[in-house]
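Analysis of the macromolecular model
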Amino acid sequence: MRRSLLLAGAVAGPLYIVVGTIEAIVRDGFDIRVHPLSVLANGDGGWIHILLLVVTGALTALGALGVRPSVRRAAWIGLLVYGLGLVAAGFMRADPVDGFPIGTPDGPPTSVSWHGVGHLLAGAIGFIGLIVACVSVARMARGRWGLFSLVTGVVYLVTFIGLGAGGGRPVANLAFTVAVILGWAWVTTLMLRTAASSHTVLEEALS
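Let us look at the structure shown here. Nothing here was measured: the structure is a model prediction, and the numbers come from that model.

1. What about the overall build of the protein chain?
For the protein chain, the count of helices and strands is six helices and zero strands. Along the protein chain, from the amino end to the carboxyl end, the secondary structure elements read α-α-α-α-α-α. The C-alpha radius of gyration computed for the protein chain amounts to 18 Å, which stays within 12% of the reference 17 Å derived for 207 residues, consistent with globular compactness. Across the 207 residues in the protein chain, those meeting the buried criterion constitute 45%. Considering only residue pairs separated by 6 or more positions, the protein chain has 70% of its internal contacts joining residues 24 or more positions apart. When the accessible area of the protein chain is evaluated, it comes to approximately 10,600 Å², of which 70% is carbon and sulfur surface. Here the protein chain contributes 13 positive and 9 negative side-chain charges, whose respective centroids are spaced 19 Å apart.

In structure tokens:
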């Protein structure tokens, strides 16, 4: 059961990156330099991104339960918060912005809906959870894995702050996109490393 939870968590990252990339390419009017991926939840085909957030968030939450025996409490709880944050962000759609979907006025929305506010809060809480998880793992890990965990947490924090302060500037949007990819790579690596180590421990116990 634990191995299944870890593999579920490992699938979340590749699924999000692949499907999100395809959406960004095929959706008319979407520009990764201007629009955050979350606005893909709007317009025709928006249900795909909503489903993507909910599914990958649920898979991450399951993976968090799988890593629980192998990491500090802050790490697995942080991952759980990240997963549940994605699920909540999926159910609360981001507001249209900067001409997307097509027909939306340029610039930020003139008013923010309740679900737009909820999406931002859920996303922020989830991102903080991921940052806490990365730093917690960095404190207990050594070598390249510990460094990778620390770098991921720091990059995520810096680019998340930059996204809020950047006012939709392309540099801020692209930097955060890189951080999202890095964060998912870290989650997948954590799941696979934990699955491999738990399998080795089981083999040693049975030998």
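So, next bit.
2. What about the nonpolar core?
If you look at the biggest cluster of nonpolar residues, it comprises 41 residues, and the most contacted ones within it are Leu79, Tyr156 and Trp186. Among the secondary structure elements, those contributing two or more residues to this core are α1 (2-26), α2 (46-67), α3 (73-91), α4 (114-140), α5 (143-166) and α6 (170-206). With nine residues, α6 is the single largest residue contributor to this core. Beyond its immediate sequence surroundings of up to four residues, Tyr156 is in contact with Tyr82, Phe127, Leu130, Ile131, Phe176, Ala179, Val180 and Gly183.

3. Considerations on the packing of aromatic side chains
Under the criterion given, the structure shown has ten aromatic pairs. On the basis of an interplanar angle of 10° and a centroid distance of 6.0 Å, the ring pair of Trp145 and Trp186 is categorised as stacked. Of this pair, Trp145 sits in helix α5 while Trp186 sits in helix α6, placing them 41 residues apart in sequence. On the accessibility criterion, Trp186 (0% relative accessible area) is buried. Taken together, a centroid distance of 5.6 Å and an interplanar angle of 80° make the contact between Tyr156 and Phe176 edge-to-face. Of this pair, Tyr156 sits in helix α5 while Phe176 sits in helix α6, placing them 20 residues apart in sequence. Among the aromatic side chains, those forming a connected cluster through ring pairs are Phe127, Tyr156, Phe160 and Phe176.

4. Considering a nonpolar patch on the surface
A contiguous nonpolar patch, built from Val11, Leu15, Trp47, Ile48, Leu51 and Val55 and spanning about 520 Å² of accessible area, is present on the exposed surface. Contributions of two or more residues to the nonpolar patch are made by α1 and α2. Of all the elements, α2 adds the most residues to the nonpolar patch, at four residues. As for its position among the elements, Ile48 is in helix α2.

5. A word on the pattern of salt bridges
Evaluation of the coordinates by the stated rule reveals one salt bridge. Among the ionic pairs, Arg33 bridges to Asp31, the shortest N-O distance being 2.9 Å.

6. Digging into unusual backbone geometry
Geometrically, the link from Phe100 to Pro101 is a cis peptide bond, its omega value of -5° lying close to zero. Among the secondary structure elements, Pro101 is positioned in the loop between α3 and α4. Look at Asp98: it is not a glycine, yet its phi comes out positive at around 50°.

7. Digging into the packing of α2 against α3
Between α2 and α3, the shortest axis-to-axis distance is 7 Å and the interhelical angle comes to 165°. One finds that α2 runs roughly antiparallel with respect to α3. For the pair α2 and α3, the crossing hand works out as left-handed. Residues Ile50, Leu53, Val54, Thr56, Gly57, Ala58, Thr60, Ala61, Ala64, Leu65 and Val67 of α2 touch α3, and the partners they reach there are Trp76, Leu79, Leu80, Tyr82, Gly83, Leu84, Leu86, Val87, Ala89, Gly90 and Phe91. Broken down by class, the residue content of the contact of α2 with α3 amounts to 17 nonpolar, five polar and no charged.

8. Section: α1
Between its first and last C-alpha atoms α1 spans 37 Å; for 25 residues at 1.5 Å apiece the expected length is 36 Å, and the two agree. Residues of α1 that are buried: Leu5, Leu6, Ala8, Gly9, Ala10, Ala12, Gly13, Tyr16, Gly20, Glu23 and Ala24.

About the thresholds
- Residues numbered from 1 in each chain as written.
- Predicted model: local features only at pLDDT ≥ 70, side-chain atom pairs only at ≥ 80, totals over all residues.
- Heavy atoms only, no water.
- Helix = DSSP H or I, 4+ residues; strand = E, 2+ residues; numbered from the N terminus.
- Rg over C-alpha atoms; globule rule 2.2 N^0.38 Å.
- Buried < 20%, exposed > 50% of the residue type's maximum accessible area, 1.4 Å probe, protein only.
- Contact = heavy atoms within 4.5 Å.
- Areas by Shrake-Rupley, 256 points an atom, 1.4 Å probe, with all protein chains shown as cover.
- Lys, Arg positive; Asp, Glu negative; His and termini not counted.
- Charge placed at Lys NZ, Arg CZ, Asp CG, Glu CD.
- Core = buried A, V, L, I, M, F, W, Y, C linked by side-chain atoms within 4.5 Å.
- Phe/Tyr/Trp six-rings, centres within 6.5 Å; stacked < 30°, edge-to-face > 60°.
- Patch = residues over 30% accessible without salt bridge, like charges linked within 9 Å, V, L, I, M, F, W, Y side chains within 5 Å.
- Salt bridge = Lys/Arg side-chain N within 4 Å of Asp/Glu carboxyl O.
- Axes fitted to C-alpha atoms, helices over the stretch in contact; angles between N-to-C directions.
- Parallel < 35°, antiparallel > 145°, perpendicular 65-115°, else oblique.
- Left-handed = near helix turned anticlockwise from the far one by under 90°.
- Nonpolar A, V, L, I, M, F, W, Y, C, P; charged D, E, K, R; others polar.
- Expected span 1.5 Å × (residues − 1).

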